[in-house]
Amino acid sequence: MRIGITGHRGLSESIERQVRRLLEGAVAGEDRSRLTIVSCIADGPDAWLAEVALDRGARLEVVVPADEYRAGLPQWHHDVYDRLLHGAAAVHRIGRVESDEAAHMAASELLVGQVDRLLAVWDGLPARGFGGTADVVAYARRQGVPVEVLWPEGMRR
């Protein structure tokens, strides 16, 4: 089973705790020897699910939207990003230099094209910019990829 991840960044600690539990539950029944997680490993749900994959002995594949992608992530996340990238069994690069909305959406489209199911840590609201979680969910649905929305009930970001 190949599972992709998309989700909101910058979540509060209380939402993070709940989302981490939801992510664990979403992959709990999967055979880890046959499980591949595909992620852009940004701070937040992308990295949290990638950590679950590596902790469970599953395969991790990383999609890198642009050469400048890491530099655009928060400084505090760089060590986590580097560790996850190093632990990846495969790395897919989009071939872009600038880490902009178009590169992020292109990476998400590539990710969606490689998975059997997409987990979306999404509050159900429209994207705040092109390539946001809502856009990725809509794209996956148009492509016929099943989407499982994970969001703590009653929480707002």
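Everything discussed here concerns the structure shown above.
Because the structure is predicted, anything quoted here is derived from the model rather than measured.

Asker: Quick question: what am I supposed to make of the side chain of D46 here?
Answerer: Along the polypeptide, D46 turns up in helix α2 (residues 45–55). With no salt bridge to any partner, buried D46 finds its closest opposite charge in R9, at an N-O distance of 7.2 Å. Sequence-distant contacts of D46, defined by excluding residues within four places in its chain, comprise I5, T6, G7, S39, C40 and I41.

Asker: What is the right way to look at the sheet that holds strand β3 (residues 59–64) in this model?
Answerer: Where strands meet in a sheet, backbone hydrogen bonds hold them as pairs that are either parallel or antiparallel. Read across the open sheet, the six strands follow the order β4-β3-β2-β1-β5-β6; overall the sheet is parallel. Looking at the sheet topology across the chains shown, the edges are occupied by β4 (90–93) and β6 (147–150). Strand-to-strand twist of the sheet, defined as the mean angle between neighbouring strand axes without regard to direction, takes the value 20 degrees. The pairing of strand β1 (residues 2–7) with strand β5 (residues 117–121) spans five bridges and is classified as parallel. Bridge pairing links I5 to L119 in β5. Strands β1, β2 (36–39), β3 and β5 of the sheet are contacted by α2, whose axis makes an angle of about 150 degrees with β1.

Asker: Can you walk me through unusual backbone geometry in this structure?
Answerer: Trans is the prevailing form of peptide bonds, just as negative phi is the prevailing case for residues other than glycine. The phi torsion at I41 lies on the positive side, around 50 degrees, for a residue other than glycine. Of note, I41 is situated in the loop between β2 and α2.

Asker: What is the right way to look at the pattern of salt bridges in this model?
Answerer: Opposite charge on two side chains lets them pair, provided their charged atoms get close. Summed over all chains, the structure comprises ten salt bridges. In the salt-bridge network here, residues are joined through shared partners; they are E16, R20, E51 and R83.

Asker: I'm lost on α2 in this one. Help?
Answerer: A turn of α-helix holds 3.6 residues, and therefore any two residues three or four places apart point the same way. The buried count for α2 comes to nine of eleven residues, which makes it a mostly enclosed element. Along α2, the residues that are buried comprise P45, D46, A47, W48, L49, A50, E51, V52 and A53. G57 sits one or two positions beyond α2 and adopts a positive phi of about 80 degrees.

Asker: Where do I start with the pairing of β3 in this structure?
Answerer: In the case of a regular strand, side chains alternate between the two sheet surfaces. In terms of residue burial, β3 counts as a mostly covered element, since five of its six residues are buried. Where β2 lies against β3, four bridges are found, and the strand directions are parallel. In the strand pairing of β3, S39 is matched with V62. Crossover connection from β2 via α2 to parallel β3: handedness right-handed. Where β3 lies against β4, four bridges are found, and the strand directions are parallel. Residue pairing for β4: V62 is matched across the bridge by V91.

Asker: Help me understand the nonpolar core in this model?
Answerer: By size, the foremost hydrophobic cluster in this structure holds 44 residues, and its most contacted members are L23, V27, I37, L49 and L119. Per-element accounting of this core gives the leading share, six residues, to α2. What L49 contacts, discounting residues up to four positions off in sequence, is I5, L23, V27, I37 and L119.

Asker: How do you make sense of the environment of A26 when you look at a structure like this?
Answerer: Among the secondary structure elements, A26 is positioned in helix α1 (residues 13–27). Of the residues examined, A26 reaches a relative accessible area of 13% and is grouped as buried. For the pair A26 and A42, spaced 16 residues apart in sequence, the C-alpha separation works out to 19 Å. If sequence neighbours within four positions are ignored, A26 has contacts with R117, L119, E148 and L150.

What counts, and where the lines are drawn
- Residues numbered from 1 in each chain as written.
- Predicted model: local features only at pLDDT ≥ 70, side-chain atom pairs only at ≥ 80, totals over all residues.
- Heavy atoms only, no water.
- Helix = DSSP H or I, 4+ residues; strand = E, 2+ residues; numbered from the N terminus.
- Buried < 20%, exposed > 50% of the residue type's maximum accessible area, 1.4 Å probe, protein only.
- Lys, Arg positive; Asp, Glu negative; His and termini not counted.
- Salt bridge = Lys/Arg side-chain N within 4 Å of Asp/Glu carboxyl O.
- Contact = heavy atoms within 4.5 Å.
- Pairing = 2+ DSSP bridges.
- Axes fitted to C-alpha atoms, helices over the stretch in contact; angles between N-to-C directions.
- Right-handed = clockwise from strand over helix to strand, strands pointing away.
- Core = buried A, V, L, I, M, F, W, Y, C linked by side-chain atoms within 4.5 Å.

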